[in-house]
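# Fold and contact review
Given next are the chains, with one letter for each unit.
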Amino acid sequence: MSKFSLIPSPARSRLVAVLALSSPLAAPLSYALTVNIPVTAPSNASTVTGSLFSLSIEQDRWLDWAQASNSSIRNEFFFNTLDNLIQITGEGPQIRIGADSEDHTDFNEDIEGAELVFPDPTTTVPYPEATTIVVGDEYYEAVRFLPSGTHVIWGVNFGTDNLTAAVLEAQAIKRAFDSDAVKDAGVVLDFVEIGNEADLYGGNGHREKGFNISEYVQQWTDFAQNVSVAAGINSTSDVKFWGGAFAESSHSGSGFSPQGMFSNGILNSSEGKLIRTVSQHHYSGSFCSGDGGLLQDLMTKSTIRSNLTMFLPDISAVRSQGLDYVLGETNSYACHGAPGVSNVAGAALWALDYALFAKSGLGATRVFFHEGVGYKYNLIQPITLTRSTIDASDLPEPLPPHVQPPYYAAIIAAEATGNTGDAQVVELNVDNERVAGYGFFVGGTIVRAVFINSEAFLSTEEGERGSVHVDLEFGGEEPGPTSMDIKRLTIGHADDVSGLTWGGVSFETEDARPSGEQMVETVDVSSGFDIVDTEVVLLSFQ
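Scope of this entry: the structure provided in the associated data block. This is a predicted model, so every value here is computed, not measured.

With respect to the helices and strands, His 282 occurs in strand 11 (residues 275-286). Overall, the relative accessible area of 8% leaves His 282 in the buried class. Setting aside its immediate chain neighbours within four residues, His 282 contacts Asn 307, Leu 308, Met 310, Phe 311, Glu 329, Thr 330, Asn 331 and Tyr 354.

Right under this line is the structure:
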């Protein structure tokens, strides 16, 4: 069947009516729908910045991300992946450095760089986090290799209940960001985070069983009193605290949640008043026991929304206190991702829909996708790997640094947002179980739209690839655009691990810089457009 539907408009309308009586998921046939796009930004449109896609980096191997094996130069590959995004929006991802290894880190001024002790790899977790991390000043000073203008959040050890460790780390963080090298680099410390996923401490040995939110608030406040002095955090400083960083949420005042922190008085202390952002961690599933999920389940529109809307009460509670809310560590499947799900092209569609809905549907300011060396769900693999990310087996030959499919989601979100600094986004009402849409506004006027067809077209499938024809209607007093450019994320199959192109351009290059001739279609808005299964389309209106 032709990529572009040949059904005339009246017939398309009839086809929509017929398909409303049957499942549009049953067969890979073209069908049509009409989507209304407001010409001017509605009142519920959310401001979106170029740092919507931000990164949470596992702290143990931070130096591998920041610098080359020769510590005097930066990791050019990682730098380029960030710079690509900066060139599009003028703003790069914010970088949170912490996570599980945050609570296993100690400081020793005699250490150059970091000394790490790792457990043995397993088929489930081929690249485990270090269980012992001892770092020196050079470890923190490596932020100078990030692009100018990068904003950083750094975590200190709360898990081992060792106040001295937390204070020494906070002092080292302050020294690094006060240094001429980091100042000259233009890299900025925004927040310090005390501890990672304290709601799990009672079960992972960091605290006694039964550790509760009341104890957490008291202990956090005690640590914050000392860490704030060590890091120079006060009511007039630019640096403040991230609060929370819980793995889950009870959504109540009696458990680990924003409501629980507030009801137990965390904001009443002078230290608690230095919290400016509440961070929530979330994964769509778990691979910790080695049981993977289905790619289509991850990609499905309704699943993404049900996975996120549970946090609406939390966000409301946070906003009522005048605080910011972020998904401070998130990705597809916990324990570094599921093979054939987290590391494939379909995950790019998931990440894009997930981040845009987190912004437009929830009001989260940023989404920090978690990254670690060798993790399956990474946007970016920053160094050469010699062990398989899938099963820990030795690779026949080293695998150079490379981007993975979800990186394209960050690129697309950046292009949709643009570089004006005043973009807004709203989810469009798309009456289809697989197709999602988002409108982007600049100066209050529609300028771009993103559509995502999350029907998984797999390499095992036989037969024709399905497609949807979308007609656009524009609502409002102002006339709608008449012409549009169409750019496509082209994917062979949802379970492909590589070979994606964005408008004909690939980022799967040895230096992460784009390569290829850009392909853009220009059509009349009245013609609508087709979007095939497992595809993303960006419309730029003229």
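Attention shifts here to the state of the cysteines. Inspection of the entire model under this criterion finds one disulfide. Disulfide partner of Cys 288: Cys 335, at an S-S distance of 1.9 Å. Its torsion about the S-S bond being 95°, the disulfide of Cys 288 and Cys 335 is classed as right-handed. In this pair, Cys 288 sits in the loop between strand 11 and helix 10 (295-299) while Cys 335 sits in the loop between strand 12 (324-334) and helix 13 (345-362), placing the two residues 47 residues apart along the sequence. Note on Cys 288: relative accessible area 42%, which makes it partly exposed. On the basis of relative accessibility, which here comes to 24%, the residue Cys 335 falls in the partly exposed class.

This part covers the packing of helix 3 (residues 76-89) against helix 14 (residues 406-417). Contact geometry for helix 3 and helix 14: axes closest at 8 Å, N-to-C directions at 20°. As the angle between them shows, helix 3 and helix 14 are arranged roughly parallel. The two elements helix 3 and helix 14 meet at a crossing, and its hand is right-handed. Every residue of helix 14 that contacts helix 3 at Asn 80, Thr 81, Asn 84, Leu 85, Ile 88 and Thr 89 is listed here: Tyr 407, Ala 410, Ile 411, Ala 414 and Glu 415. Taken together, the residues of the contact of helix 3 with helix 14 break down into six nonpolar, four polar and one charged.

A few words on unusual backbone geometry. Phi is positive for Ala 512, close to 70°, though the residue is something other than glycine. The residue Ala 512 is located in the loop between strand 23 (501-502) and strand 24 (521-524) in this model. Given a relative accessible area of 0%, Ala 512 falls into the buried group. A positive phi angle, close to 60°, is found at Thr 534, a residue other than glycine. Here Thr 534 shows up in the loop between strand 25 (529-532) and strand 26 (535-541). Look at Thr 534 and you get buried, because its relative accessible area is 1%.

If you walk through the whole model with that rule in mind, you get 27 aromatic pairs. Here Phe 158 and Tyr 201 contribute two aromatic rings whose centre-to-centre distance is 5.9 Å and whose plane-to-plane angle is 45°, an arrangement assigned as tilted. Of this pair, Phe 158 sits in the loop between strand 8 (151-156) and helix 5 (163-178) while Tyr 201 sits in helix 7 (residues 201-204), and the two are 43 residues apart along the sequence. Taking the relative accessible area as the measure of exposure, Phe 158 reaches 0% and is therefore buried. By relative accessible area, Tyr 201 is classed as buried at 0%. Arranged with centres 5.2 Å apart and planes meeting at 75°, the rings of Tyr 216 and Phe 246 form a pair that is edge-to-face. On the criterion of sequence distance, the pair formed by Tyr 216 in helix 8 (residues 213-231) and Phe 246 in strand 10 (residues 240-246) is long-range, its members being 30 residues apart. The same class applies to Tyr 216 and to Phe 246, which are both buried.

Quick notes on the rules
- Residues numbered from 1 in each chain as written.
- Predicted model: local features only at pLDDT ≥ 70, side-chain atom pairs only at ≥ 80, totals over all residues.
- Heavy atoms only, no water.
- Helix = DSSP H or I, 4+ residues; strand = E, 2+ residues; numbered from the N terminus.
- Buried < 20%, exposed > 50% of the residue type's maximum accessible area, 1.4 Å probe, protein only.
- Contact = heavy atoms within 4.5 Å.
- Disulfide = S-S within 2.5 Å.
- Axes fitted to C-alpha atoms, helices over the stretch in contact; angles between N-to-C directions.
- Parallel < 35°, antiparallel > 145°, perpendicular 65-115°, else oblique.
- Left-handed = near helix turned anticlockwise from the far one by under 90°.
- Nonpolar A, V, L, I, M, F, W, Y, C, P; charged D, E, K, R; others polar.
- Phe/Tyr/Trp six-rings, centres within 6.5 Å; stacked < 30°, edge-to-face > 60°.

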